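Each chain is listed here by its residues.
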Amino acid sequence: MTPAEIMAALEAYGPLPREALEAAGQSRDAMVPVFLDYIGKLQTAKIDDLERMDAFVFIFFLLAEWRETRAYRPLAKLLRRDPEFLDALLGDSITEASARVMAGVFDGDLQPLFDILLDDAADGFLRGEMFDTLAIVALENPELRPSITQFLIDFFDLTGTLTGEEVWWSWAECIAALGLANMDTAVRAAFDSGLITPDHSRFEDFTERLQATVAAGRPDWFTEISSNTLITDTIAELEPWYCFTPEYLAKKAAGRLNVVSSLMPRSGDPFNGVFTGKIGRNDPCPCGSGQKFKKCCLQ
């Protein structure tokens with residue numbers, strides 16, 4: 001397949017474009033410039049333009065699988081676009097994939113991640129995911145731990161007033177994942193000041209995870225979550241997505257689908273019923289954990 005044929009297949013509506021994804025992997029040198037140009041167009045695209053730009057989720061995963069560091073800065077810029085546009089572009093992939101994608105394309109410079117985390121105008125959940133990226137990067141690159149630790153310490157003074165609890169909880173989880181026991185007082189202060197409220201999560205949840213990391217010498221509770229692992233096989237990652245199944249495609253073609261999300265649970269998922277428009281990704285999780293659906297069972 002030519003690059004043009006690959007892109008046409010990735011843009012087409014239908015089942016998972018396995019052949020095109022495989023062909024892209026066999027033509028990386030040719031496809032990376034095409035993908036980077038696509039990302040460049042998205043920098044100035046409007047939401048209405050996305051109706052004709054359906055290839056991005058495949059590009060997002062492939063670049064991470066390929067460890068393509070040239071995509072790191074363009075993606076970091078794209079992820080700072082306004083939340084409404086970013087939600088239309090990525091949907092649930094904000095929490096499902098953005099942390100691991102940015103860790104996969106990471107080029108060694110932490111500043112683009114820090115810039116996203118300090119951007120009050122950026123999507124709150126995306127900012128939270130970048131703390132997960134910092135944790136993944138620190139685990140993969142121990143030499144960067146001091147710089148990341150210092151940023152975690154300084155975050156209190158650097159961040160703005162619009163930083164929501166979804167960001168603060170991710171900050172606390174990053175501290176727990178890195179086993180920074182000397183920062184438990186700072187995390188306690190975040191809870192005591194109401195930056196993280198009890199209906200979102202508890203200080204005991206943080207201490208339990210921190211203690212688990214310290215005891216094991218590694219954050220198994222963090223690395224066992226799929227959205228905190230590096231992407232190694234795009235086809236294997238996307239194949240289970242309900243939006244590529246015959247059942248989903250048939251329902252959508254028949255107009256019998258009352259769903260707003262592109263990332264669908266598998267057909268036998270007990271949470272299938274929440275994708276009816278009644279429960280959104282930012283609502284409390286129906287499992288009763290007290291956390292947002294995006295940061296709990298959706299993952």
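Just so you know, these numbers come straight off a predicted model, no measurement behind them.

*Asks:* Please clarify how the packing of aromatic side chains should be interpreted in this entry.
*Replies:* Aromatic ring pairs are described here by two measures, namely the spacing of the ring centres and the angle between the planes. Within this structure, the stated rule accounts for 19 aromatic pairs. Considering the side-chain rings of Phe131 and Phe151, the 6.4 Å spacing of their centres and the 40 degrees angle between planes classify their relative orientation as tilted. Highlighted residues: Phe131 in helix α10 (residues 124–140) and Phe151 in helix α11 (residues 145–158), separated in sequence by 20 residues. Take Phe131: its relative accessible area is 0%, and that puts it in the buried class. Through pairs of rings, three or more aromatic residues link up here, namely Phe114, Phe131, Phe151, Phe155, Phe156, Trp168 and Trp171. The ring of Phe85 carries Arg81 above its face, with NZ or CZ at 3.7 Å from the centroid.

*Asks:* Help me out: how do you make sense of helix α3 (residues 28–42) in this one?
*Replies:* Residues spaced three or four apart along an α-helix point in a common direction, a consequence of the helix completing one turn every 3.6 residues. Between the first and last C-alpha of α3 there are 21 Å, a value that for 15 residues agrees with the 21 Å anticipated at 1.5 Å per step. Taken residue by residue, α3 has Met31, Val32, Phe35, Tyr38, Ile39 and Leu42 as its buried positions. Taken around the axis of α3, the buried residues stretch over an arc of 125 degrees, which confines them to a single face. Away from its buried face, by an angle of more than 90 degrees, α3 presents the exposed residues Asp29 and Lys41. Looking at the buried residues of α3, the elements they touch are α1 (3–11), α2 (18–26), α4 (56–65), α5 (72–78) and α6 (83–90).

*Asks:* What should I look at first to understand helix α13 (residues 184–192) in this one?
*Replies:* By the burial criterion, the buried members of α13 are Val187, Ala190 and Phe191. Along the axis of α13, the buried positions cluster into a sector of 100 degrees, meaning they face one direction only. Of the exposed residues in α13, those oriented more than 90 degrees away from the buried face are Thr185 and Asp192. Packed against the buried residues of α13 are α11, α12 (165–177) and α14 (203–216).

Procedures and definitions
Counting restarts for each chain: residues are numbered from 1 in the order of the written sequence. Local features in this predicted model are restricted to residues of pLDDT 70 or higher, and side-chain atom pairs are both shown and tallied only at a pLDDT of 80 or more, whereas totals for entire chains, interfaces and linings draw on every residue. The side-chain quantities take in all heavy atoms of the structure and omit both hydrogens and water. Any two rings among Phe, Tyr and Trp, with Trp reduced to its six-membered ring, count as a pair given centres within 6.5 Å; such a pair is stacked if its planes are under 30 degrees apart, edge-to-face if over 60, and tilted if neither. Labels follow the DSSP assignment, with helices taken as runs of H or I lasting at least four residues and strands as runs of E lasting at least two, numbered in each case from the N terminus. Residue burial is assigned from relative accessible area. The probe radius is 1.4 Å, only protein chains are included, and a residue is buried under 20% of its type maximum, exposed over 50%, and partly exposed in between. Put simply, a charge is over a ring when the Lys NZ or the Arg CZ is close to the ring centre, within 6 Å, and near the line of the ring normal, within 35 degrees. Helices are assigned an expected span. That span is 1.5 Å times one less than the residue count. Think of it as the arc spanned by the lines of direction from the helix axis to the C-beta atoms. What makes two residues a contact is simply this: any of their non-hydrogen atoms within 4.5 Å.

Function cannot be inferred from these measures alone, as they are strictly geometric.
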